[in-house]
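Commentary on secondary and tertiary structure
What follows is the residue order along each chain.
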Amino acid sequence: MKFLKILTILLLIQFKAYALIEVDITRGNLSPLPVAVSPLSSDKKSITEFEKILNVKDLGSEISIIVENNLRQSGLFNPLEKDAFLQKPDIAHFKPRFEDWKLIKAQALITGKVEIIDEKLRVEFRLWDVLAAKEMLAIAFTTVPTNWRRVGHIITDKVYERLTGEKGYFDTRLIYVSEEGPKTKRIKKLAIMDQDGFNLKYLTLGNELVLTPRFNPTNQMVTYLSYFRNLPRVYLLDIETGMQEVVGDFAGMTFAPRFSPDGKKIIMSFAKDGNSDIYTMDLENRVVERITNHPSIDTSPSYSPDGKYICFNSDRSGYQQIYVMKSDGSSVKRISFGNGIYGTPVWSPRGDLIAFTKLHKGKFYIGVMRTDGKGERLLTENFYQEAPSWSPNGRVLVFYRETKTDDKGEGFSAKLWSIDLTGYNERQVPTKTDASDPSWSSLLSN
Amino acid sequence: MNRNIIISTGFHFVIIMITTLSLPFLLKTPIDLPPIISVELIQISDKTSIPFAPKAKKIIEKIKKEKAERVVSEQAPPKKIKKEKPDAVPLPNEKIEKVKKIKEKKQNPEKIETEIKQVSEFEKKELFDPNNIAALIDKSKENFTETNKTTNKVTQSQDRNIEHSGLSLNEEDALKAQIFGCWSIPLGLPYNENLLVRIKLQLKPDGTVVKFEILDHARMNSPGQGFYKVLAESALRAIRLCQPLRVPTTGYERWKDLQLNFDAREMLEG
């Protein structure tokens, strides 16, 4: 009885508790993340070696500048001024005083060490989370000293991947058509350089007109179009060895060759009797297969990264529009329905978007749309620009833009530009000469 | 002469008549004007500062005196907590849905695009968000739904014992606005993956974080969850950068444990 009484009293007592308050954070800022890139430290012996071998005085600083520039170019990071750094590079690499780095508003810190051991360049670097006061990444590697610029790019790729969640695109190259001379007598050469404009090399002499170079996504092979006796030919060029071969002589005109994602095929358009269709060629047995068979002009084919679909350009609806089909040529579906003319579709390496050039009311736009044609976004607008090519991580597009050189509209200059998917981070890619038709390689190191 | 006197008398009579008829207030009762009340404009604080009426004061003091004589142990918890109870009044489902729709509209990604301007890190804390003006206006209706959203998760029997006193809309928005400024979203994350980072915080009264716990911590080191890890780390950086958090000055018991749900999909979709 007594127990029941106690139980009743307990039941009547109101225990007070608070529901856990939940707050949804659905927005943040898109301002670049402040990062401190400390110069890589070196011992005295290594400094002497750097000067002797590479003719570079302070290699640690030079590498840190490459990292800084790359991070700044991405638009996602804000490398802080080195003058504000309070800690010496060698001590910072050993044990950073996080309070000092917090003071200058750094959220991430990159430190490192570079030295010469047995005539090899040994580099180690660490990425620190300043606010959490902990190490996020630590990597060391060795390479030949002449690869020192690539070291900077590789460090950037690793840092970028760790902080953004996606692969970087800095240890890559761009191939493009270098142009010199007046418009009527233009000398066009095939050129290759690092994505930041350094280590430029010319691959052809400029005797013949070259067009549309494209990287093989799996190796350092390039395909391009060159005119021989006024007839276009598709060539294959191995960048490492310099070996060049003709893919095949075709009776008609060939355009816009591009590799399949596995690098085993070339897809291109081929004009015969006034009709242009899409064909593939197996690079092992040189068997040519017709993919489209339509009286309209079908051009600019590009594979999806899984190789199952192809996007291309066709005027079968009366105007040039973008279409998607299965890789065997079936299930053709138009995906672009906006105002204007669409061209040069390129499937993103991530597979989610298709980049294109659009001509509307006399202006050229570079834009992206989803693979079903929805969500069209125009990233940049100009007097004349075209030929977008994706960075290997599918975040940035490189394209070329022609601008008038004087107020009368006479003369023109063609330069390479890059823009990221936000549409805000637009930058000119430095080239020594005028440049067109860029193509972005895949990552040189994985 | 007589004629002049008659004219003058008649004239005076007419004037007297006109004057009498044209002054109606003489016929009406005076307007009953209410007595003038002086009004003092005061700022409303959480605790009322209105003095008790003399009579009521006497009664309260009398009761207090009696209580003091009787009760030896501690006094009852402060009454102000009970005053916040009306927040928990349940609303019909229709209303909840309506308010949810309004909330979605507020987070329109198109509006966000205008914000994608590169702002210096040093200006970050002073970031003014024009899209948040609406949110700063106290809408009691929305406030009810917010509270209801959390209460819907508990059973009816539990419901009786739970003090429904979430953050007010102003309080929540102040906190959100602070964290928005501190959270650098990793833009490389895929927008089509379900990445939600839930972090439970234990706070000091001044808003300093005593302890935090990632509720799905196991995902941090699971293979193939690299994106989750990146997002979780960015969320933790935001909390560390923001602290002390902008928490209400009162009602510590309500918010000493707080859960922040970081979801970047809307921003990443652009």
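Residues numbered from 1 in each chain as written. Chains lettered and ligands numbered in written order. Predicted model: local features only at pLDDT ≥ 70, side-chain atom pairs only at ≥ 80, totals over all residues.

Okay, the overall build of chain B next. Scanning chain B for helices and strands turns up 12 helices and four strands. The 270 residues of chain B split such that 20% are buried. Residue pairs at least 24 apart in sequence account for 77% of intrachain contacts in chain B once pairs closer than 6 positions are excluded. (Helix = DSSP H or I, 4+ residues; strand = E, 2+ residues; numbered from the N terminus. Buried ≥ 20, exposed ≤ 12 C-beta atoms within 10 Å, placed from the backbone. Contact = placed C-beta atoms within 7 Å.)

What follows covers the overall build of chain A. Scanning chain A for helices and strands turns up six helices and 31 strands. Along the three orthogonal principal directions, the C-alpha set of chain A runs to about 100 × 75 × 55 Å. Taking all 446 residues of chain A together, the buried fraction comes to 45%. Sequence separation of at least 24 residues holds for 43% of the intrachain contacts in chain A that already meet a minimum separation of 6.

This paragraph deals with the sheet that holds strand S24 (residues 353-360) of chain A. Residues and elements named next belong to chain A. Read from one edge of the open sheet, four strands run S23-S24-S25-S26, paired in antiparallel fashion. Strands with a single pairing partner mark the edges of an open sheet, and in this sheet they are strand S23 (341-347) and strand S26 (377-382). Averaged over all adjacent pairs, the angle separating strand axes in this sheet is 20 degrees, with direction ignored. When S23 meets S24, the two strands line up antiparallel, connected through five bridges. Within S24, the residue paired with Val 346 across the bridge is Ala 355. (Pairing = 2+ DSSP bridges. Axes fitted to C-alpha atoms, helices over the stretch in contact; angles between N-to-C directions.)

Residue and element names in this part refer to chain A. Considered domain by domain, chain A is made up of domain 1 (33-164) and domain 2 (173-440). For domain 1 versus domain 2, the separation of C-alpha centres amounts to 36 Å. Listed per partner, the contact involves five residues of domain 1 and eight residues of domain 2. Element by element, the count of residues in the side of domain 1 that touches domain 2 is highest for helix H3 (residues 59-74), at three residues. (Domains from an automatic or database assignment.)

Attention shifts here to the packing of H3(A) against helix H6 (residues 148-164) of chain A. For any two helices packed against each other, the geometry comes down to the angle between their axes and how far apart the axes lie. Residue and element names in this part refer to chain A. For the pair H3 and H6, interaxial distance at closest approach is 9 Å and the crossing angle is 45 degrees. The angle between the axes of H3 and H6 places the two elements in the oblique class. As H3 runs across H6, the sense of the crossing is right-handed. Contact residues: H3 offers Leu 59, Ile 63, Ile 66, Val 67, Asn 70, Leu 71 and Ser 74, while H6 offers Trp 148, Arg 149, Val 151, Gly 152, His 153, Ile 155, Thr 156 and Tyr 160. Tallied by class, residues from the contact of H3 with H6 come to nine nonpolar, five polar and one charged. (Parallel < 35°, antiparallel > 145°, perpendicular 65-115°, else oblique. Left-handed = near helix turned anticlockwise from the far one by under 90°. Nonpolar A, V, L, I, M, F, W, Y, C, P; charged D, E, K, R; others polar.)

What follows deals with the environment of Val346(A). All names here are of chain A. With respect to the helices and strands, the residue Val 346 is situated in strand S23. Distance in space between the C-alpha atoms of Val 346 and Val 368 is 9.2 Å, their sequence separation being 22 residues. Not counting the four nearest positions on each side in its chain, Val 346 is found in contact with Ser 302, Ile 354, Ala 355, Pro 388, Ser 389 and Trp 390.

What follows concerns the nonpolar core. Residues Val35(A), Ala108(A), Leu231(B) and Ala235(B) are the most contacted members of the largest nonpolar core, which totals 69 residues. In terms of residue count, the dominant contributor to this core is helix H10 (residues 226-242) of chain B (eight residues). In contact with Ala235(B), other than residues within four places in its own chain, are Trp183(B), Val197(B), Ile199(B) and Phe262(B). Within the second largest apolar cluster, 64 residues are counted, among which are Leu237(A), Met281(A), Val324(A) and Trp417(A). (Core = buried A, V, L, I, M, F, W, Y, C linked by C-beta atoms within 7 Å.)

Turning our attention to the sheet that holds strand S19 (residues 298-303) of chain A. All names here are of chain A. Judged by pairing direction, the sheet is antiparallel, and its four strands sit side by side in the order S19-S20-S21-S22 without closing on themselves. Of all the strands in the sheet, just S19 and strand S22 (333-334) have a single pairing partner and so form its edges. Here two bridges tie strand S21 (residues 321-326) to S22, and the two strands are oriented antiparallel to one another. Counterpart to Val 324 in the pairing with S22 is Lys 333.

In this section: the environment of Thr249(B). Residue and element names in this part refer to chain B. Here Thr 249 lies in the loop between H10 and helix H11 (252-255). Since 10 C-beta atoms lie within 10 Å of it, Thr 249 is described here as exposed. Along the chain, Thr 249 and Pro 205 lie 44 residues apart, while their C-alpha atoms are 7.8 Å from each other.

Moving on to the confidence of the model for chain B. Residues and elements named next belong to chain B. Considering every residue of chain B, the mean pLDDT works out to 66; 47% of them sit at 70 or more. Considering only residues more than four positions removed or in separate chains, one finds that residues 71-164, a stretch of pLDDT under 50, has 94 contacts. Two numbers describe this predicted complex: its pTM, 0.73, and its ipTM, 0.77. (pLDDT = per-residue confidence, 0-100.)

This part is about the pairing of S26(A). Pairing of strand S25 (residues 363-370) of chain A with S26(A) involves five bridges; the strand directions are antiparallel. Across the sheet, residue Phe364(A) finds its bridge partner in S26(A), namely Asn382(A).

Moving on: the packing of helix H9 (residues 169-182) of chain B against H10(B). Residue and element names in this part refer to chain B. Running from amino to carboxyl end, H9 crosses H10 at an angle of 115 degrees, the nearest separation of the two axes being 8 Å. Judged on the interaxial angle alone, H10 and H9 are roughly perpendicular. The way H9 lies across H10 gives a crossing that is right-handed. Here Gln 178, Ile 179 and Cys 182 of H9 lie close against H10, whose contacting residues are Ala 238, Leu 241 and Cys 242. The residue makeup of the contact of H9 with H10, split by class, is five nonpolar, one polar and no charged.

With that settled, consider the confidence of the model for chain A. Mean pLDDT over chain A stands at 90; residues scoring 70 or higher make up 93%. Confidence scores differ between elements of chain A, with helix H1 (residues 2-12) of chain A showing the lowest mean pLDDT of 60 and S21(A) the highest of 97.

Now for the pairing of strand S16 (residues 265-272) of chain A. The side chains of a regular strand alternate between both faces of the sheet. Residues and elements named next belong to chain A. Of all the eight residues making up S16, six are buried; the element is thus mostly covered by neighbouring parts of the structure. Of the pairings in the sheet, the one linking strand S15 (residues 253-259) to S16 comprises five bridges and is antiparallel in character. Each bridged residue has a counterpart across the sheet, and for Thr 254 the counterpart in S16 is Phe 270. Between S15 and S16, which pair antiparallel one after the other, the connecting turn spans five residues, and Gly 263 there sits at a positive phi close to 75 degrees. Inspection of the sheet shows S16 paired to strand S17 (residues 275-282) by eight bridges, in the antiparallel sense. Note on S17: the bridge partner recorded for Met 268 is Tyr 279.

Moving on: H9(B). All names here are of chain B. An ideal rise of 1.5 Å per residue puts 20 Å on 14 residues; H9 measures up with 20 Å between its terminal C-alpha atoms. The element H9 is extensively covered by neighbouring structure, given that 11 of its 14 residues are classed as buried. Taken residue by residue, H9 has Leu 169, Glu 171, Glu 172, Asp 173, Leu 175, Lys 176, Gln 178, Ile 179, Phe 180, Gly 181 and Cys 182 as its buried positions. (Expected span 1.5 Å × (residues − 1).)

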